[in-house]
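Letter by letter, the chains look like this.
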Amino acid sequence: MFRRRVLPLAGLAFVAFYLFSRPEAAAASINGVVDRILGGADNLAVFLAALLG
């Protein structure tokens, strides 16, 4: 039970620290994650179009 409370709070504290100490790097990290998600969605759309078409 202790881990369930401490680990999410520690993760949130790390994210807040990273955001406020290095905002440019945090923004670049978020942009990289979003780009990968969008790339995966595009690849999935291409796959489904080829499968159905």
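Above this note sits the structure.
Please read these numbers as outputs of a predicted model, since none were measured by experiment. (Residues numbered from 1 in each chain as written. Predicted model: local features only at pLDDT ≥ 70, side-chain atom pairs only at ≥ 80, totals over all residues. Heavy atoms only, no water.)

Chemist: I'm lost on the overall build of the protein chain in this one. Help?
Modeler: The number of helices and strands found in the protein chain is 2 helices and 0 strands. On C-alpha atoms alone, the protein chain measures out to a radius of gyration of 18 Å, which is more than a quarter above the 10 Å that the 2.2 N^0.38 rule sets for 53 residues. With the principal axes as the frame, the protein chain shows a C-alpha extent of 50 × 35 × 5 Å. Here the protein chain holds 53 residues, and 4% of them are scored as buried. As displayed, the protein chain offers around 5000 Å² of accessible surface, 72% of which is attributable to carbon and sulfur atoms. (Helix = DSSP H or I, 4+ residues; strand = E, 2+ residues; numbered from the N terminus. Rg over C-alpha atoms; globule rule 2.2 N^0.38 Å. Buried < 20%, exposed > 50% of the residue type's maximum accessible area, 1.4 Å probe, protein only. Areas by Shrake-Rupley, 256 points an atom, 1.4 Å probe, with all protein chains shown as cover.)

Chemist: Help me understand the environment of G40, please; the structure alone is not making it clear to me.
Modeler: By the secondary structure assignment, G40 is in helix α2 (residues 23-52). A residue is classified by how much of its surface remains accessible, and G40, at 36% relative accessible area, is partly exposed.

Chemist: Would you mind going over the environment of R4 with me for this structure?
Modeler: Tracing the backbone through its elements, the reader meets R4 in helix α1 (residues 2-21). Residue R4 is classed as exposed on the basis of its relative accessible area, which comes to 71%. Between the alpha carbons of R4 and F47 there is a distance of 39 Å; along the sequence they are 43 residues apart.

Chemist: Quick question: what am I supposed to make of the packing of aromatic side chains here?
Modeler: Aromatic ring pairs are described here by two measures, namely the spacing of the ring centres and the angle between the planes. Tallying each qualifying case throughout the model produces 1 aromatic pair. Taking the centre distance of 6.1 Å and the plane angle of 10° together, the rings of F14 and Y18 count as stacked. Here Y18 and F14 lie together in helix α1, a separation of 4 residues that amounts to about one turn. Of the residues examined, F14 reaches a relative accessible area of 52% and is grouped as exposed. Residue class for Y18 comes out partly exposed when judged on its relative accessible area of 27%. (Phe/Tyr/Trp six-rings, centres within 6.5 Å; stacked < 30°, edge-to-face > 60°.)

Chemist: Any chance you could explain the packing of α1 against α2 here in plain terms?
Modeler: Taken N-terminus to C-terminus, the directions of α1 and α2 make an angle of 115°; their axes are 5 Å apart at the nearest point. Residues Y18, L19, F20 and S21 of α1 touch α2, and the partners they reach there are P23, A25, A26 and S29. Across the contact of α1 with α2, the residue classes tally to 6 nonpolar, 2 polar and no charged. (Axes fitted to C-alpha atoms, helices over the stretch in contact; angles between N-to-C directions. Contact = heavy atoms within 4.5 Å. Nonpolar A, V, L, I, M, F, W, Y, C, P; charged D, E, K, R; others polar.)

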